[in-house]
Amino acid sequence: MDVVLGPLLQVVSIALNLYLWALIISAVMSWLVAFNVINTHNRFVYTVGDFLHRITEPALRPIRSVVPVMGGVDLSPMVLILIIIFLQGVIGRLAYSL
């Protein structure tokens, strides 16, 4: 069982890490768009932004319904990042116990 479970936990941890980076890049990109540093009329910027929005929005939507907006600042990415860090810690301890 350890032969399958160990690599499976590692793959899940890597996927969570990639999703964490997608959240960070999405948040930074939304700030850059809001302050007109990058322009969404550029096809590449629009494609990257749309991709990041499509993969992060399903996880952020339920959190946004619970966490209030604080002075125009959306805290839902930070809450999701903390949840992902917690899950990575649980997976790491589970893998260590095997």
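The numbering scheme is per chain: residues are counted from 1 as the chain's sequence reads. In keeping with the predicted nature of the model, local features appear solely for residues at pLDDT of at least 70, side-chain atom pairs appear and are counted solely at 80 or more, and the whole-chain, interface and lining totals rest on all residues. Neither water nor hydrogens contribute to the side-chain values; these are computed over all heavy atoms in the structure.

Caption draft 1: Examining helix 3 (residues 76–97) more closely. The first and last C-alpha atoms of helix 3 sit 32 Å apart over 22 residues, in line with the 32 Å expected at 1.5 Å per residue. Relative accessible area decides the class of each residue, using a 1.4 Å probe on protein chains only: under 20% of the type maximum gives buried, over 50% gives exposed, and in between gives partly exposed. Think of it this way: any DSSP run of H or I at least four residues long counts as a helix, any run of E at least two long counts as a strand, and we number them from the N terminus. Burial in helix 3 covers these residues: Ser 76, Pro 77, Leu 80, Ile 81, Ile 84, Gln 88 and Ile 91. Down the axis, helix 3 shows its buried residues gathered within 130° of arc, on one side only. Exposed and oriented more than 90 degrees from the buried face of helix 3 are Leu 82, Phe 86, Arg 93, Tyr 96 and Ser 97. In this description, contact between two residues means that some pair of their heavy atoms is separated by no more than 4.5 Å. Contact partners of the buried residues in helix 3: helix 1 (2–34) and helix 2 (43–66). Here, expected helix span is obtained from the residue count minus one, scaled by 1.5 Å. Read the arc as the range of directions from the helix axis to the C-beta atoms.

Caption draft 2: Layout of the packing of helix 1 against helix 3. One way to put it is that helix 1 packs onto helix 3 with a least axis distance of 10 Å and a crossing angle of 165°. By the criterion of interaxial angle, the relationship of helix 1 to helix 3 is roughly antiparallel. Crossing of helix 1 against helix 3: the hand is left-handed. Contacts between helix 1 and helix 3 involve Leu 9, Val 12, Ser 13, Leu 16, Asn 17, Tyr 19, Leu 20, Leu 23 and Ile 24 on the former and, on the latter, Leu 80, Ile 81, Ile 84, Leu 87, Gln 88, Ile 91, Leu 94 and Ala 95. For this scheme, ten residues count as nonpolar: Ala, Val, Leu, Ile, Met, Phe, Trp, Tyr, Cys and Pro. Four count as charged, namely Asp, Glu, Lys and Arg, and the remainder, Gly too, count as polar. Its residues assigned to classes, the contact of helix 1 with helix 3 comprises 14 nonpolar, 3 polar and no charged. Angles here are taken between N-to-C directions and fall from 0 to 180 degrees, while the axes themselves are lines fitted to C-alpha atoms, restricted in helices to the stretch in contact. Working rule for angles: under 35 degrees goes down as roughly parallel, over 145 as roughly antiparallel, 65 to 115 as roughly perpendicular, anything else as oblique. Handedness of a helix crossing follows the sense of rotation of the near helix relative to the far helix, less than a right angle counterclockwise being left-handed and clockwise being right-handed.

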